[in-house]
Amino acid sequence: MNVKLLLVVAAVLLSACAHKGGLARIPAGEQAATIRPVFFSTTGLADEGPFGPLRARVSQYGLIDVSIPPSHEAGQIEFPNREPDPQKHFLVAATDAYRDAGEMRANLNKALAAQKPKNRDVVIFVHGFNNRFSDGIYRIAQMSHDLGLPGVVASYSWPSAGNPLNYAYDRDSALFARDGLRRLIEEVTKSNADKVILVAHSLGSMVTMETLRELSVSGKTGVLNQIDGVVLMAPDLDLDLFKTQADAIGDLPEPFIIFSSKKDRALRLIEQLTGQKNRLGRLEDVSEIADYDITYIDVTAYSEGGLNHFPNAQSPALLQLLGGIPDLDTALSGDGGRRGLLPGTVLTVQNATALILSPVASR
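Conventions we followed
- Residues numbered from 1 in each chain as written.
- Predicted model: local features only at pLDDT ≥ 70, side-chain atom pairs only at ≥ 80, totals over all residues.
- Heavy atoms only, no water.
- Helix = DSSP H or I, 4+ residues; strand = E, 2+ residues; numbered from the N terminus.
- Buried < 20%, exposed > 50% of the residue type's maximum accessible area, 1.4 Å probe, protein only.
- Areas by Shrake-Rupley, 256 points an atom, 1.4 Å probe, with all protein chains shown as cover.
- Salt bridge = Lys/Arg side-chain N within 4 Å of Asp/Glu carboxyl O.
- pLDDT = per-residue confidence, 0-100.
- Contact = heavy atoms within 4.5 Å.
- Axes fitted to C-alpha atoms, helices over the stretch in contact; angles between N-to-C directions.
- Parallel < 35°, antiparallel > 145°, perpendicular 65-115°, else oblique.
- Left-handed = near helix turned anticlockwise from the far one by under 90°.
- Nonpolar A, V, L, I, M, F, W, Y, C, P; charged D, E, K, R; others polar.

Draft legend 1. View of the overall build of the protein chain. Helix and strand counts for the protein chain come out as 13 helices and eleven strands. Burial statistics for the protein chain: of 363 residues in total, 54% are counted as buried. For the protein chain, the computed accessible surface area is about 15300 Å², with 49% contributed by carbon and sulfur atoms.

Draft legend 2. Seen up close, the pattern of salt bridges. Using the criterion set out here, one finds ten salt bridges in the structure. The closest approach of N and O atoms between E186 and R182, which form a salt bridge, is 3.3 Å. Residue E186 and its partner R182 are located together in helix α5 (residues 178–190), separated by four residues, close to a single helical turn. In terms of burial, E186 and R182 fall into one category: buried. The residue R279 makes a salt bridge to D236 at a minimum N-O spacing of 2.7 Å. Taken together, the positions of R279 in the loop between α9 (265–274) and β9 (295–298) and D236 in the loop between β7 (227–233) and α8 (239–249) put the pair 43 residues apart, joining distant regions of the chain. Since its relative accessible area comes to 1%, R279 is described here as buried.

Draft legend 3. Looking closely at the confidence of the model for the protein chain. For the protein chain, per-residue confidence averages 84 on the pLDDT scale, and residues scoring 70 or more make up 81% of the total. Low confidence marks residues 1–16, where pLDDT is under 50. Its contacts with residues over four positions away, or in another chain, come to 24 contacts.

Draft legend 4. Fine view of the packing of helix α6 (residues 204–217) against α8. As a packed pair, α6 and α8 sit with axes 8 Å apart at the nearest point and diverge in direction by 30°. With respect to each other, α6 and α8 are oriented roughly parallel. The interaxial crossing formed by α6 with α8 has left-handed handedness. Residues M206, M209, E210, L212, R213, S216 and V217 of α6 touch α8, and the partners they reach there are L241, F242, Q245, A246, A248 and I249. Its residues placed into classes, the contact of α6 with α8 shows nine nonpolar, two polar and two charged.

This is the structure:
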């Protein structure tokens, strides 16, 4: 396949990960359905989106209440159309813009105080390639709803071009966005959160790993040590780059979990486009990361079609499996719990553990 044709094919296929539409408010007189509050921080410049692909050196903070429709199907985001309907679509019920990070932290503490004592955790989600502000907001709302996540969630929106042909722009933006994510992590770790968990998808893993590296090399190990877990979903990271990042970080936050699929067509296309093989999200052998205390979870069995680039959020069967586990931390990080709670084969190579999940039909 020649380069020009490959670019066209990639653009068509990767558009499946694309921005599907902006945020839409609930029409006047309509009632919201299930509400999922999402705190946010962004380094995208404000536009009609409300935040677009241009880069801002100053972070902006706020809160969006997302209304999830009663007709919602697990794994889906029912994007609004020209006639937004709270019974059918993900919509915005309310918004709040904060003056600065301090006001965001004060409101975060209020939200944490409203939770039960055992649920005062914060999950920070970092979106991937070809995703706009609205995609990150809707995606973490969908995941928190489908998985029944307790606690509080936040979205870090870095300035993606939202265009499948602008991969180079997004790669540069992922590096540009490190400081913004660091600022958000610093504020959240100053809050009253019991635990702070980072969850990144695709190229968002680059943002996340570079930020963790920066915290380490700049001597901010106190902030780094307050991160209670990292989850990388289908990470779009060169293996050698990941190793240098992990070496600079030192002791990785625990648990440190990577979800992968050998059927990930998006990462395979990126390997062809960049000429860089061996993406972290498509390893054939866990021995390649054996030096690191990592749990590498192969969800190939739940890759049900399409690009297979986000089965963690889009596979109803996998969502049902993960959402039905009462103590997901134990299932994902402890050998005994892992064998007892998750179906699959466990392989341990030096420090790394691979869990190859077996298929379980959704009910």
